[in-house]
Amino acid sequence: MALYSEKVMEHFMNPRNVGIIEDADGVGEVGNAKCGDIMKMYLKIDDEVITDVKFETFGCASAIASSSMATELIKGQKLEDAMKLTNKAVAEALDGLPDYKMHCSVLAEEAIQAAIEDYKSKSGKTE
Ligand code: FES
């Protein structure tokens, strides 16, 4: 069996939503201490809905594919729904990741949550 699914390869070779949003409403940056990979998410938010999202990932193929898929999944979503996106859901949408690469999808989950938290604290919406 191939190490990566076709979807992982496709998102790695042709990642969606790469880049930065200069006037982002929320920015989240997370890293994995073990592998040293870093992921940064930028969100544009209008009326509690994610209207645009971009990412920069300095990491492995799984991390890049996970960021790409995660951005596709949360675009157009309400903040409360995007907040619930799990790394498992990202990996499933990619038709699976090898076990030892699951931590790469965790970066996507954490980066989105960090960006939403950043938005909330900037807009004074933290509970
Ligand atoms: Fe570090 Fe994949 S090996 S995120």
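Since the structure is predicted, the reported quantities are computational estimates derived from the model, not experimental observations.

### Here we look at the sheet that holds strand E2 (residues 38-46)
Pairing is antiparallel in the open sheet, where three strands are placed in the order E1-E2-E3. Here the strands that pair on one side only, and so sit at the sheet edges, are strand E1 (26-31) and strand E3 (49-58). Taken over all neighbouring pairs, the strand axes of this sheet differ in orientation by 15 degrees on average, direction set aside. As defined by bridge partners, E2 adjoins E3 across nine bridges and the pair is classed as antiparallel.

### Looking at unusual backbone geometry
Despite not being glycine, Asp47 has its phi angle at roughly 55 degrees, a positive value. Note on placement: Asp47 falls in the loop between E2 and E3. Residue Asp47 is classed as exposed on the basis of its relative accessible area, which comes to 69%. Residues other than glycine seldom take positive phi values, yet Asp95 does so here, at roughly 65 degrees. For Asp95, the position within the fold is in the loop between helix H4 (87-93) and helix H5 (102-122).

### What to know about helix H2 (residues 61-74)
The end-to-end C-alpha separation of H2 is 20 Å, in line with the 20 Å expected for 14 residues at 1.5 Å each. Among the 14 residues of H2, twelve are classified as buried, and the element is accordingly described as predominantly covered. The complete set of buried residues in H2 reads Ala61, Ser62, Ala63, Ile64, Ala65, Ser66, Ser67, Ser68, Met69, Ala70, Thr71 and Ile74. Buried residues along H2 sit against helix H1 (6-13), E2, E3, helix H3 (79-82), H4 and H5. After H2 finishes, the residue Gly76 shows a positive phi value of roughly 85 degrees.

### Some words on the environment of Leu97
Locating Leu97 in the fold gives a position in the loop between H4 and H5. For the pair formed by Leu97 and Leu3, sequence separation is 94 residues and the distance between their alpha carbons is 8.2 Å. Apart from residues lying up to four places away in sequence, Leu97 is in contact with Val8, Ser62, Ser66, Ala91, Met102 and Ser105.

### Quick look at the nonpolar core
By size, the foremost hydrophobic cluster in this structure holds 33 residues, and its most contacted members are Met39, Met41, Leu43, Ile50, Ile74 and Ile112. Looking at this core, the elements that each hand over two or more residues are E2, E3, H2, H3, H4 and H5. With eight residues, H5 is the largest single contributor of residues to this core. Apart from the residues within four sequence positions on either side, Ile112 is in contact with Met41, Ala70, Ile74, Ala82 and Leu85.

### Observations regarding the packing of H2 against H5
Where H2 contacts H5, the axes come no closer than 8 Å and their chain directions differ by 40 degrees. Here H5 runs oblique to H2, going by the angle between their axes. Like other packed secondary-structure pairs, H2 and H5 cross with a definite hand, here right-handed. Packed against H2, whose contacting residues are Ser62, Ala63, Ser66, Ser67, Ala70 and Ile74, the element H5 presents Cys104, Ser105, Ala108 and Ile112 at the interface. A per-class count over the contact of H2 with H5 returns six nonpolar, four polar and no charged.

Conventions used here
- Residues numbered from 1 in each chain as written.
- Predicted model: local features only at pLDDT ≥ 70, side-chain atom pairs only at ≥ 80, totals over all residues.
- Heavy atoms only, no water.
- Pairing = 2+ DSSP bridges.
- Helix = DSSP H or I, 4+ residues; strand = E, 2+ residues; numbered from the N terminus.
- Axes fitted to C-alpha atoms, helices over the stretch in contact; angles between N-to-C directions.
- Buried < 20%, exposed > 50% of the residue type's maximum accessible area, 1.4 Å probe, protein only.
- Expected span 1.5 Å × (residues − 1).
- Contact = heavy atoms within 4.5 Å.
- Core = buried A, V, L, I, M, F, W, Y, C linked by side-chain atoms within 4.5 Å.
- Parallel < 35°, antiparallel > 145°, perpendicular 65-115°, else oblique.
- Left-handed = near helix turned anticlockwise from the far one by under 90°.
- Nonpolar A, V, L, I, M, F, W, Y, C, P; charged D, E, K, R; others polar.

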